[in-house]
Each structure stands twice: as structure tokens, then as C-alpha cells.
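# A closer look at the structure
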Amino acid sequence: MNDYHVHSAFSDGRGDVDGFVGRAHELGLAEIGFAEHLVPRALDSDGYGLPASRIPDYVRAVRAAGEDTAVRVLLGAEIDYAPGAEAELDRLLSQARFDYVIGAVHFTDGFAFDLPSLADDPRWEDPDALYRSYWDTVARAASWGRFDVVGHLDLPKTFGRRPSAPMGAAEDAALEAVRQAGLAIELNTSGLRSSAGEAYPAPSLLARAARMGIPLTFGSDAHAAADVGRDFGRAVVLARAAGYTTTLRLSDRVAEALA
Ligand SMILES: [Zn+2]
Ligand SMILES: [Zn+2]
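Since the structure is predicted, the reported quantities are computational estimates derived from the model, not experimental observations.

Moving on: the pairing of strand β8 (residues 184–188). In terms of burial, β8 is a largely internal element, 5 of the 5 residues being buried. Here β8 shows a buried face lined by Ala184, Glu186 and Asn188 and a second buried face lined by Ile185 and Leu187. Here strand β7 (residues 149–150) pairs with β8 via 2 bridges, running parallel. Directly across from valine 149, in β8, lies its bridge partner alanine 184. Tracing the backbone out of β7, into helix α5 (residues 168–181) and back to the parallel element β8 gives a crossover that is right-handed.

Take a look at the structure:
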């Protein structure tokens, strides 16, 4: 098993890189990938992103952590995609040779909809509009061409708020953009620890992605070493139920059988 979505103190997680790698080793994971947040400056009012000036330190720490362990350690990034920020994101991505890049949508029209401090924001009064904007932004992110994996699909459910009616068409358009761009999606188990009570994406979405042949990775979205690989046993069950028989190994892009 491989966990490609963890955050150390280089962005908004707790603890150093070595602690996460040590936990991956304890669990017997074959690969762990760090996915520190790279965020357009205008959207990072909370300062949760890894500043460009610290990217070289991040690269050194991740590469050093991989030197004397059986676990393969990958250098990744979670990019906060926002339409209009592509040039700035390009500059951030050009600072290092990342092994893979996760594209994530945490903002719709500048609204950080997944921030707990904004859970009661008036912009939540029309969840349908928010979800529509979210899926549209996911499609644009996929089409941008700089990502390998689309992160935590259907994140707006994080506080348990759902659209008033199924969003099948908008979801399908986003999945089709992902398929056309040749990207993977991830099964992100942090949803199980949220008010949504289910992984990202929902089982029905995961099943559609499987039918479309979209590759799958696993991510815990751990922000502390103790959460590395969290709920991966449940993730395997969910992936199988959705029709997946393989996951994508990001070190060499090989599909390996589900454990
Ligand atoms: Zn995220
Ligand atoms: Zn994350």
C-alpha cells in the first residue's frame, strides 16, 4: 500500500518529514509521498501553504528521508488550483522536480469553503451554486495539464452539507475532464474523519470513475504521523466495491493489484 497525500510541518501538518516516513515504515507501506500545499499568494491568507522560499529545504528533507529506509519516499505537492492563478502556480511548480502533483480545489470564486472558521459563512446558503462552481473548477483544474492526480473529489461535503438534488451531470463533466487529461483520482480517507462520514469521493462517484477507467491512488491526508495510512483497510474495501482491481503506483506509474 502507498500513501501519497501527507502534510508535514513544511505546510499545515505537525511534525517533521522523518516522523511520517517512520510511521510508513512501521505500517509496511511501500511508498509514501509528501504533498505539501502550494497556494496562490492571494488565497493564502491563513499562511497554510509552503512558501516558495522554503521549497529547496522541503526538497532536501524529503530526499534525505528517503536515503536510508526501505520505504520509497516521493516528493509531491498539493496545488490549490484557482482559475486565473495558473501563471503563479506554474512558477511554484518550476521550483523543483516533483515526482507527482495533486490538483486540489479548496476555493470556489475565492471562497475557502472547507475552512472550519467559515463553516457558517452566508456563502453556504446556496449549496447547489457552491457545488456547481466546485465541479466546474475541478473540470478546469483537470484540463489545465499540470496535475497527475485530482485530490479529494467532492470535498464540499466536508461539513455534511449536500446539494438539494444530485449533481450527476456536473460530476460527470468533471470526471470526463479527468479522464480526457489522463489523470488519476485519489481515494482520500480524511472524509471518514470529517462530518461527511465517508471518504472522498462518494461510492457512486468512485464507481463511475472506475467504469471510466480512471486510475486510483490512496491518500490519508494525514497532518500528523499517526494518521499515515489511516483507514486504508476500509479504502481497499471501498475501491473493490466500486469496481477497482488495481491502484496506480506513482513512482513509476505502474498499476498494481489492490492489496
Ligand atoms: Zn486538500
Ligand atoms: Zn491535503
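Ligation of the zinc ion (ligand 2) by protein atoms is provided by His5 (NE2), His7 (NE2), Glu78 (OE) and Asp221 (OD), these donors lying 2.0 to 2.3 Å from the ion. In this structure, the zinc ion (ligand 2) is surrounded by 4 donor atoms whose angles at the metal cover 84 to 169 degrees, and the resulting shape is irregular. Motif for the zinc ion (ligand 2), donor spacing along one chain: H-x1-H-x70-E-x142-D. If you look at the zinc ion (ligand 2) and the zinc ion (ligand 1), they sit 3.4 Å from each other and are both ligated by glutamate 78. Taken as a pair, histidine 7 in the loop between β1 (2–6) and α1 (17–27) and glutamate 78 in strand β3 (residues 72–80) lie far apart in primary sequence, 71 residues in all. In this structure histidine 7 comes out as buried when scored by relative accessible area, which is 0%. A residue is classified by how much of its surface remains accessible, and glutamate 78, at 1% relative accessible area, is buried.

The rules we used
- Residues numbered from 1 in each chain as written.
- Chains lettered and ligands numbered in written order.
- Predicted model: local features only at pLDDT ≥ 70, side-chain atom pairs only at ≥ 80, totals over all residues.
- Heavy atoms only, no water.
- Buried < 20%, exposed > 50% of the residue type's maximum accessible area, 1.4 Å probe, protein only.
- Helix = DSSP H or I, 4+ residues; strand = E, 2+ residues; numbered from the N terminus.
- Pairing = 2+ DSSP bridges.
- Right-handed = clockwise from strand over helix to strand, strands pointing away.
- Donors = N, O, S within 2.8 Å, 3.2 Å for Na, K, Ca; no water.
- Tetrahedral: all angles 85-135°; square planar, octahedral: opposite > 155°, others 65-115°.

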